[in-house]
Amino acid sequence: MLKTICVCGARPNFMKVAPIVEACARSSEIEVLLVHTGQHYDKNMSRIFFDELELPEPDINLEVGSSSHAAQTAEVMRRFEPVCLEYHPDWVVVVGDVNSTLAAALVAAKLGVSVAHVEAGLRSFDRAMPEEINRVLTDAISNLLFVTERSGLENLKREGIADSKVKFVGNVMIDTVMRHRPRAEASSILERLELAPKGYVMVTLHRPENVDAAGTLTSILRALEVISADQPVAFPMHPRTRGNLTGMGLAGWVSPSANLRIIDPLGYVDFLKLMLDASLVLTDSGGIQEETTILGLPCLTLRDNTERPVTITQGTNRLAGRSTDTIIAAYRAVRAHPPATDHVPELWDGHAADRILTSLLAAD
Ligand code: UD1
């Protein structure tokens with residue numbers, strides 16, 4: 001029996017571990033301990049995803065909570081080490097690029113436990129992003145690297161990672177989208193928000209480089225104001241963004257208005273429905289660039305780069321920058337000429353978790 005610890009901590013991790021944990025549960029050859037670091041802890045940033053994605057209750061919650069990068073990373077390490085020592089896993093499986101990912105990988109690597117990194121090899125080449133540092137370092141100490149798109153293979157080769165450690169398996173987030181789409185179709189979120197299918201824009205925004213400086217945040221909000229004169233904007237707001245708006249004295253932006261509907265973060269099912277029926281999505285999230293690609297929805301990414309280039313070359317994504325003018329220009333261009341929606345990136349077929357399981361069992 002292969003003993004594995006699967007680690008998750010922040011919202012974008014939950015939809016990535018769900019299909020892996022499920023595939024493991026179907027196998028009699030692998031045993032999984034599910035560890036939640038507690039990086040995210042609000043009900044609608046964590047609990048709701050366990051319920052909706054049918055994830056089992058975490059075996060252990062490290063309850064690290066929010067703090068600076070160093071303190072949060074260190075606290076996950078300090079609390080995860082005794083878990084590893086007691087459970088003696090053959091593998092620690094980490095997903096994505098959040099602080100919990102790097103912290104758990106580092107603990108395992110130092111204890112001589114093999115590390116498998118799901119969503120390896122993505123690179124924005126922008127070290128100002130905390131996630132880029134987490135990605136590079138996690139990949140450097142992983143024993144198996146599961147890649148979602150071909151750019152990841154090139155990036156890892158360039159960094160000197162042996163081909164034998166790298167497996168191109170596809171994208172576990174897409175496994176989750178495909179599995180839960182029928183349930184999402186039945187969500188009543190549009191009625192609750194009084195929105196018409198394909199008659200609104202959906203927005204998410206949470207990256208420090210977009211929401212931590214008042215100037216950048218204001219220029220993005222100005223663009224949203226212009227867009228909301230064209231069609232309603234539905235904006236489930238991340239707690240970091242809401243906290244910053246209040247702290248910066250910009251709370252006026254979060255008061256309810258008919259066309260700019262700022263709401264609390266949503267669970268997976270309502271969020272997927274809101275995305276499915278949007279005419280267009282504006283985001284600075286990594287995962288949403290991938291989800292809109294598979295759903296064939298135009299996506300404007302409010303950044304100057306992406307670590308997920310296949311969403312541009314094969315998908316519906318386009319970089320729109322972070323200034324009022326570039327965002328509005330990109331919005332008008334996409335409204336006039338919507339992107340082609342007939343490409344599906346290679347291996348984004350709903351079976352990535354099965355390939356991961358096969359590789360893990362073969363590696364031991
Ligand atoms: C983290 C990840 C980011 C990911 C994002 C998704 C890192 C470096 N960043 O960013 O890659 O895209 O999660 O959400 O790991 N907060 C709450 N409730 C919560 C969690 C957070 O109110 O349940 C607030 C706190 O004020 C906290 C702030 O959000 O200080 C930031 O949380 P943190 O986990 O540090 O980073 P995120 O911005 O969520």
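Residues numbered from 1 in each chain as written. Predicted model: local features only at pLDDT ≥ 70, side-chain atom pairs only at ≥ 80, totals over all residues. Heavy atoms only, no water.

### Some words on the nonpolar core
Line of reasoning, step 1. I20, L274, M275 and L360 are the most contacted members of the largest nonpolar core, which has 60 residues in total.
Line of reasoning, step 2. The leading source of residues in this core is helix 1 (residues 11–26), at eight residues.
Line of reasoning, step 3. L360 has contacts with L2, I30, W91, V93, A116, L144 and F146, leaving out every residue within four places of it along the chain.
Line of reasoning, step 4. I227, W253, L300 and I327 belong to the second-largest nonpolar core, a separate cluster that totals 29 residues. (Core = buried A, V, L, I, M, F, W, Y, C linked by side-chain atoms within 4.5 Å. Buried < 20%, exposed > 50% of the residue type's maximum accessible area, 1.4 Å probe, protein only. Helix = DSSP H or I, 4+ residues; strand = E, 2+ residues; numbered from the N terminus. Contact = heavy atoms within 4.5 Å.)

### Re the sheet that holds strand 10 (residues 260–263)
Line of reasoning, step 1. Strand order across the open sheet formed by six strands is 10-9-8-11-12-13, with parallel pairing between neighbours. This sheet does not close on itself; its edge strands, each paired only once, are strand 10 and strand 13 (317–319). Each neighbouring strand pair of the sheet contributes to a mean axis angle of 20 degrees, computed without reference to strand direction. (Pairing = 2+ DSSP bridges. Axes fitted to C-alpha atoms, helices over the stretch in contact; angles between N-to-C directions.)

### Digging into the environment of I294
Line of reasoning, step 1. Within the secondary structure layout, I294 lies in helix 13 (residues 286–295).
Line of reasoning, step 2. For the pair I294 and I174, spaced 120 residues apart in sequence, the C-alpha to C-alpha distance is 7.4 Å.
Line of reasoning, step 3. Discounting chain neighbours no more than four positions away, the residues touching I294 are I174, V177, M178, V344 and W348.

### Details of unusual backbone geometry
Line of reasoning, step 1. Residue K198 is not a glycine yet carries a positive backbone phi of 65 degrees.
Line of reasoning, step 2. By secondary structure assignment, the location of K198 is in the loop between helix 8 (189–193) and strand 8 (201–204).
Line of reasoning, step 3. One non-glycine residue, L347, lies in positive phi territory at about 65 degrees.
Line of reasoning, step 4. Within the fold, L347 resides in the loop between helix 15 (324–336) and helix 16 (352–363).

### Some remarks on the site of the ligand
Line of reasoning, step 1. For the ligand, the set of nearby residues contains 17 residues, the closest of which are H40, N99, E131, H206 and R240.
Line of reasoning, step 2. A distance of 2.7 Å separates an oxygen atom of the ligand from a polar atom in the side chain of H40.
Line of reasoning, step 3. Contacts to the ligand include H238, whose side-chain N or O atom sits 2.9 Å from an oxygen atom.
Line of reasoning, step 4. Contact with the protein chains removes 85% of the 740 Å² of surface that the ligand exposes when unbound.
Line of reasoning, step 5. For the ligand, the cavity whose grid points lie within 2 Å of the majority of its atoms is the largest pocket.
Line of reasoning, step 6. Only helix 3 (69–87), helix 5 (130–140) and helix 11 (239–247) provide two or more residues apiece to the shell around the ligand.
Line of reasoning, step 7. Of the residues in the shell around the ligand, the class split is six nonpolar, eight polar and three charged. (Near = heavy atom within 4 Å. Polar contact = N/O pair within 3.5 Å; in protein donor to acceptor, adjacent residues only side chain to side chain. Areas by Shrake-Rupley, 256 points an atom, 1.4 Å probe, with all protein chains shown as cover. 1 Å grid on protein atoms, 1.4 Å probe; cavity = no way out; pocket = protein on both sides within 12 Å on 5 of 7 lines; lining within 4 Å. Sits in = over half its atoms within 2 Å of the grid points. Nonpolar A, V, L, I, M, F, W, Y, C, P; charged D, E, K, R; others polar.)

### What to know about the packing of aromatic side chains
Line of reasoning, step 1. Tallying each qualifying case throughout the model produces two aromatic pairs.
Line of reasoning, step 2. Connected via pairs of aromatic rings, a cluster forms that spans F14, F49 and F50.
Line of reasoning, step 3. For K3, the ring lying beneath its charged end belongs to Y87, and the centroid distance is 4.5 Å. (Phe/Tyr/Trp six-rings, centres within 6.5 Å; stacked < 30°, edge-to-face > 60°. Lys NZ or Arg CZ within 6 Å of the ring centre and 35° of its normal.)

### Some details on the pairing of strand 8
Line of reasoning, step 1. Neither face of strand 8 is left uncovered, since the one carrying V201 and V203 and the one carrying M202 and T204 both have all their residues buried.
Line of reasoning, step 2. With two bridges connecting them, strand 8 and strand 9 (residues 233–236) associate as parallel partners. In the sheet register, V201 faces strand 9, and the bridge partner there is V233.
Line of reasoning, step 3. Sheet topology note: the strand 8/strand 11 (residues 280–283) ladder contains four bridges and is parallel. Counterpart to T204 in the pairing with strand 11 is T283.

### Re the layout of surface pockets
Line of reasoning, step 1. In this structure, the largest pocket spans a volume of roughly 1000 Å³.
Line of reasoning, step 2. The wall of the largest pocket is formed by 45 residues, among which P12, H40, M45, H206 and H238 lie closest to the centre.
Line of reasoning, step 3. For the lining of the largest pocket, the elements supplying multiple residues, two or more each, are helix 1, helix 3, helix 5, helix 11, helix 12 (268–276) and helix 13.
Line of reasoning, step 4. Residue composition of the lining of the largest pocket, by class: 18 nonpolar, 16 polar and 11 charged.
Line of reasoning, step 5. Here the second largest pocket is characterised by a volume of approximately 260 Å³.
Line of reasoning, step 6. If you go around the second largest pocket, you meet 18 residues; those closest to its centre are A18, P19, E22, R26 and R179.
Line of reasoning, step 7. Elements that contribute at least two residues to the lining of the second largest pocket include exactly helix 1, helix 7 (172–185) and helix 16.
Line of reasoning, step 8. Ranked by the residues each element gives to the lining of the second largest pocket, the list is headed by helix 1, at six residues.
Line of reasoning, step 9. Counted by class, the lining of the second largest pocket contains eight nonpolar, four polar and six charged residues. (Points joined across faces, edges and corners; volume = space filled by probe spheres on them.)

### Concerning the pattern of salt bridges
Line of reasoning, step 1. Applying the stated rule across the entire model yields 27 salt bridges.
Line of reasoning, step 2. Two residues, R179 and E54, come together in a salt bridge whose shortest N-O distance is 2.9 Å. You can see R179 sitting in helix 7 and its partner E54 sitting in the loop between helix 2 (47–52) and strand 3 (60–61), a full 125 residues away along the chain.
Line of reasoning, step 3. Here E131 makes a salt bridge to R207, at a shortest N to O gap of 3.0 Å. Taken as a pair, E131 in helix 5 and R207 in the loop between strand 8 and helix 9 (208–211) lie far apart in primary sequence, 76 residues in all.
Line of reasoning, step 4. Of the residues examined, R207 reaches a relative accessible area of 6% and is grouped as buried.
Line of reasoning, step 5. One network of salt bridges, in which partners are shared, links K16, D97, E119, E132, R135, E290, R303, E307 and R308. (Salt bridge = Lys/Arg side-chain N within 4 Å of Asp/Glu carboxyl O.)

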